[in-house]
Amino acid sequence: MRLNLSQATEDYLKVIYELTSRGQRASTLEVAERMDVRPASATNMLQKMADGDPPLVDYQKHHGVTLTPAGHSAALEVIRHHRLLEVFLTQNLGYGWDEVHAEADRLEHHISEDLEARIARVLGDPAFDPHGAPIPSASLQLPERPSLPLSDLRPGQSAVVVQVQDGNPELLRYLDQLGLHLQTRLTALSYSALDGNLQLQLVGQAAPVTLGLGVTEKVAVEVSG
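Quick caveat, the model's predicted, so the values are computed rather than measured.

Q: Would you explain the pairing of strand β4 (residues 158-164) in this entry?
A: Regular strands have side chains that alternate between both faces of the sheet. Most of β4 sits inside the fold, with five of its seven residues counted as buried. In this structure, β4 lies alongside strand β5 (residues 185-191), joined through three bridges in antiparallel fashion. From the neighbouring strand, S158 faces β5, where its bridge partner is T187. Looking at chain direction, β4 and strand β8 (residues 219-223) are connected through five bridges and run antiparallel. Along β8, the bridge assignment pairs Q163 with A220.

Q: Any chance you could explain the pattern of salt bridges here in plain terms?
A: When the charged atoms of two side chains lie near each other, side chains of opposite charge can form a pair. Under the counting rule described, the total for this entry stands at eight salt bridges. Residues E108 and K14 are paired through a salt bridge, measuring 2.8 Å at the closest nitrogen-oxygen approach. Note that E108 is positioned in the loop between α5 (100-107) and α6 (113-123) and K14 in helix α1 (residues 7-19), a separation of 94 residues in sequence. Classification of E108 as buried rests on a relative accessible area of 0%. Exposure remark for K14: the relative accessible area of 11% places this residue in the buried category. Among the ionic pairs, D98 bridges to R173, the shortest N-O distance being 3.1 Å. One end of the pair, D98, is in the loop between α4 (69-93) and α5; the other, R173, is in helix α7 (residues 169-178), with 75 residues separating them in the sequence. Judged by relative accessible area, which is 18%, D98 ranks as buried. Through salt bridges with shared partners, a single ionic network connects K14, D105 and E108.

Q: So what exactly am I meant to see when it comes to the nonpolar core here?
A: Grouped burial of nonpolar side chains is what soluble globular proteins tend to show. Counting residues in each nonpolar core, the largest one holds 24 residues, and the members touching the most others are Y12, I16, V31, M49, V57 and V65. Mapped onto this core, the elements with two or more residues apiece are α1, α2 (28-35), α3 (39-50), β1 (57-60), β2 (64-67) and α4. Here this core takes six residues from α1, the largest share from any one element. Not counting the four nearest positions on each side in its chain, M49 is found in contact with T9, Y12, L13, I16, P55, L56 and V57. Counting 21 residues, the second-largest nonpolar core is a separate cluster that includes W97, L150, L175 and V209.

Q: Explain unusual backbone geometry here, please?
A: Of all residues except glycine, most have a negative phi; of all peptide bonds, most are trans. Between D53 and the following residue, P54, the backbone shows a cis peptide bond with an omega angle of 5°. With respect to the helices and strands, P54 occurs in the loop between α3 and β1. Within the chain, D125 stands out as a residue other than glycine whose phi angle is a positive 50°. Note that D125 resides in the loop between α6 and β3 (148-149). Despite not being glycine, Q183 has its phi angle at roughly 75°, a positive value. When you line up the elements, Q183 lands in the loop between α7 and β5.

Q: Would you mind going over α4 with me for this structure?
A: Counting along an α-helix, one turn takes 3.6 residues, and residues three or four places apart therefore face a common direction. A rise of 1.5 Å per residue sets the reference length of α4, with its 25 residues, at 36 Å; its end C-alpha atoms lie 35 Å apart and thus fit the reference within 8%. The positive-phi residue at the C-terminal boundary of α4 is G94, with phi of around 75°.

Q: Where do I start with the packing of α1 against α4 in this structure?
A: Geometry of a packed helix pair, given as the angle between the helix axes and the separation of the axes. Relative orientation of the contacting elements α1 and α4 amounts to 100°, with a least axis distance of 9 Å. When the axis of α1 is compared with that of α4, the two are roughly perpendicular. In this structure, α1 contributes E10, L13, K14 and Y17 to the contact, and α4 contributes G71, H72, A74, A75, L76, V78, I79 and H82. Partitioned by chemical class, the residues of the contact of α1 with α4 number seven nonpolar, three polar and two charged.

Here is what the cut-offs are and how they apply
- Residues numbered from 1 in each chain as written.
- Predicted model: local features only at pLDDT ≥ 70, side-chain atom pairs only at ≥ 80, totals over all residues.
- Heavy atoms only, no water.
- Buried < 20%, exposed > 50% of the residue type's maximum accessible area, 1.4 Å probe, protein only.
- Helix = DSSP H or I, 4+ residues; strand = E, 2+ residues; numbered from the N terminus.
- Pairing = 2+ DSSP bridges.
- Salt bridge = Lys/Arg side-chain N within 4 Å of Asp/Glu carboxyl O.
- Core = buried A, V, L, I, M, F, W, Y, C linked by side-chain atoms within 4.5 Å.
- Contact = heavy atoms within 4.5 Å.
- Expected span 1.5 Å × (residues − 1).
- Axes fitted to C-alpha atoms, helices over the stretch in contact; angles between N-to-C directions.
- Parallel < 35°, antiparallel > 145°, perpendicular 65-115°, else oblique.
- Nonpolar A, V, L, I, M, F, W, Y, C, P; charged D, E, K, R; others polar.

Any functional reading would require information that these geometric values do not contain.
Okay, here's the thing in structure tokens:
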């Protein structure tokens, strides 16, 4: 059952989930920067979340924060709402993949569990959102898919794009211009160890493109050869 949490609490849970997704604790400064608040405000909020019933985070002064099991489930519930809404907005209302993130951010806190279930059913219970991010199931299990950052690809390797970070609409519009979308197949032609630039040949494109770390670190691929 979904906890009755404030919008601010749900936003903090999502940020902490993202920051701790690789198993490490998140610092108060990292949380404050992502939430665009002062560190003192973040500390106050984290202490409240740690003292709640149930506690949503494990907060230790000078040692950062991580989610408790209750906080982890609550974060996945909000993420499920967000990503289902992104699919619904693109498939049913004609939104572009560069438009849906902000819209889903506004809506995710306000849909009921019944509406969530109806949206999922209409969409056929999708496993991934329009940017390739996994959608937690109704039981809050995440689908798995092998991938690595595009920045790890090296000359001669081929891959298919499976996910793009969705927080920057300008990046998504830039990728649109390049013709680089989900399921785009590509091959690495050359790599510069000096600056991390990667020259790629996209299948169906005449000329190769060169992308820097600012782009390649935000794109995930599945290696195919």
